[in-house]
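Residue-level structure breakdown
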Amino acid sequence: MDPQATTPLRDEGNIYRPQNRGVTAVADVNPAAALNGDTPGGGADAHTREIDLVQRDPRDLNRDVVRVEFEDVIAEPDSAHSFDGVWKASFTAFTVSKYWSYRLLTALVGVPLALAWGVVFALLTFLHIWAVVPFVRSFLIEIQAVSRVYGVCVRAFLDPLFQAVGKVLSGIHVVRRKEVE
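Note that the coordinates shown come from a computational prediction; the quantities given were computed from them, not determined experimentally.

Here is what the cut-offs are and how they apply
- Numbers given for residues are sequential positions, taken from 1 along each chain in its written order.
- Where totals are concerned, whole chains, interfaces and linings use all residues; where local detail is concerned, this predicted model gives features only for residues with pLDDT of at least 70, and gives and counts side-chain atom pairs only at 80 or more.
- Hydrogen atoms and water are omitted, and side-chain values are computed over all heavy atoms in the structure.
- Cavity means a closed set of points on a 1 Å grid over the protein atoms alone, one where a 1.4 Å probe fits but cannot get out, pocket means an open set with protein on both sides within 12 Å along at least 5 of 7 lines, and lining means a residue has an atom within 4 Å of a point.
- Grid points are joined across faces, edges and corners, and a volume is the space filled by probe spheres set on the points.
- Charged means Asp, Glu, Lys or Arg here, nonpolar means Ala, Val, Leu, Ile, Met, Phe, Trp, Tyr, Cys or Pro, and polar covers whatever is left, Gly included.
- The numbering of helices and of strands both runs from the N terminus, where a helix is a DSSP run of H or I of at least 4 residues and a strand a run of E of at least 2.
- Think of it in three bands: residues with accessible area under 20% of the maximum for their type are buried, residues over 50% are exposed, and the middle band is partly exposed, with areas taken using a 1.4 Å probe on protein chains only.
- Two joining distances apply to patches: 9 Å for like charges and 5 Å for nonpolar side chains (Val, Leu, Ile, Met, Phe, Trp, Tyr), and every residue must have over 30% relative accessible area and no salt bridge.
- The Shrake-Rupley method, run with a 1.4 Å probe sphere, supplies the accessible areas, and residue values consider only the shown protein chains as cover.
- Whenever Lys or Arg places a side-chain nitrogen within 4 Å of a carboxyl oxygen from Asp or Glu, that contact is recorded as a salt bridge.
- A pair of Phe, Tyr and Trp rings is counted when the ring centres sit within 6.5 Å of each other, with Trp represented by its six-membered ring. The angle between the planes then sorts it: under 30 degrees is stacked, over 60 is edge-to-face, the rest tilted.
- We count a charge as sitting over a ring when the NZ of a lysine or the CZ of an arginine lies within 6 Å of the ring centre and within 35 degrees of the ring normal.
- A residue's pLDDT is the confidence the predictor assigns to it, expressed on a 0 to 100 scale.
- By definition in these notes, contact holds between two residues if any of their heavy atoms fall within 4.5 Å.

A look at the layout of surface pockets
Its boundaries defined by the atoms lining it, the second largest pocket holds a volume of some 420 Å³. Tyr 102, Leu 105, Thr 106, Val 109, Gly 110, Val 111, Leu 113, Ala 114 and Trp 117 are the residues that line the second largest pocket. Among the residues making up the lining of the second largest pocket, the classes are represented as seven nonpolar, two polar and no charged.

Shown next, in the form of C-alpha cells:
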C-alpha cells in the first residue's frame, strides 16, 4: 500500500486532499513551496493545494486577538469566592456558549464572508496588477523627463540668483554688545 495514498490520522495533521490523493505532499517535497501554494511539479495550483484541518492558523495571525479564555474575562480575587459549583457551571456555560456560538456563526456567515473576502482580495489583486503598477511605472517614466527639465531650470535660473544673494548676505556681520547703565 502506498503511504502517500492514505490520509494521515487527525492527530497527525489530517491533511485534506480533495482531488490529489496520489500526489506527493508539497510540504514533503519543499516546505517553503507549501507556504507559497506551489505544487511539486513547479507550478502554483492554489485550488488543489493541501489544507491542514488541525493547524488552522499556521502564520499565527490571531495570536493576540481572539484567544480569549474564561480566566481572561472572569476572575475572582482571593477575598471573594463563589460556590465551587457556581464557578464550575460558569466556566462550563462560558466555554460551551463561546464554542457553539462561534460554530453557529461560522456555519451561517462564514462561507458568505469568505466569498466576499475572496472577491475583495481578487479586486485588490486585479487593481494592483492592471492599474496601480502600470500607473506607477508610467509616472516614473514621465517624471524622469520632468526632473531633467526641472534640474536644468534650477541650475540656469535659481543657482545664480541664490549665489548672488549669498554673496550679498555674506558681507553682513552681527556684533552683540551688552551695555551696562
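Details of the side chain of Asp 57
Mapped onto the fold, Asp 57 is located in the loop between β2 (51-52) and α3 (70-73). Look at Asp 57 and you get buried, because its relative accessible area is 17%.

Focus: the environment of Ala 75
Relative to the helices and strands, Ala 75 resides in the loop between α3 and α4 (84-170). For the pair Ala 75 and Trp 87, spaced 12 residues apart in sequence, the C-alpha separation works out to 9.8 Å.

Focus: a nonpolar patch on the surface
There is a patch of nonpolar side chains on the surface, built from Leu 104, Leu 105, Leu 108, Val 109, Leu 113, Trp 117, Val 120, Phe 121 and Leu 124 and spanning about 890 Å² of accessible area. With respect to the element layout, Val 120 can be found in helix α4. What makes Val 120 partly exposed here is its relative accessible area of 35%.

Structural notes on the packing of aromatic side chains
The relation between two aromatic rings is expressed through the spacing of the ring centres and the mutual angle of the planes. Considering all chains together, one arrives at six aromatic pairs under this definition. Ring centres of Phe 70 and Phe 91 lie 5.4 Å apart, and the angle between their planes is 90 degrees; on these two criteria the pair is classed as edge-to-face. In this pair, Phe 70 sits in helix α3 while Phe 91 sits in helix α4, placing the two residues 21 residues apart along the sequence. Overall, the relative accessible area of 36% leaves Phe 91 in the partly exposed class. An aromatic cluster is defined as three or more aromatic residues linked by ring pairs; in this entry it consists of Phe 70, Trp 87, Phe 91 and Phe 94. Over the aromatic face of Trp 100 sits the side chain of Arg 103, whose NZ or CZ is 5.9 Å from the ring centroid.

Some details on unusual backbone geometry
Negative phi is the rule for most residues except glycine; trans is the rule for most peptide bonds. Phi at Asp 60 is positive, roughly 55 degrees, even though this residue is not glycine. Relative to the helices and strands, Asp 60 resides in the loop between β2 and α3.

Some details on the confidence of the model for the protein
Detailed conclusions should not be drawn from predicted coordinates in areas where pLDDT is low. Predicted confidence across the protein gives a mean pLDDT of 80, with 73% of residues reaching 70 or more. Between the elements of the protein, mean pLDDT differs from a low of 46, seen in helix α1 (residues 26-29), to a high of 94, seen in α4. Contacts for the low-pLDDT stretch residues 7-14, under 50 throughout, to residues beyond four places or in other chains number 15 contacts. When the criterion is pLDDT under 50, residues 37-42 qualifies, and its contacts beyond four places in sequence or with other chains add up to 15 contacts.

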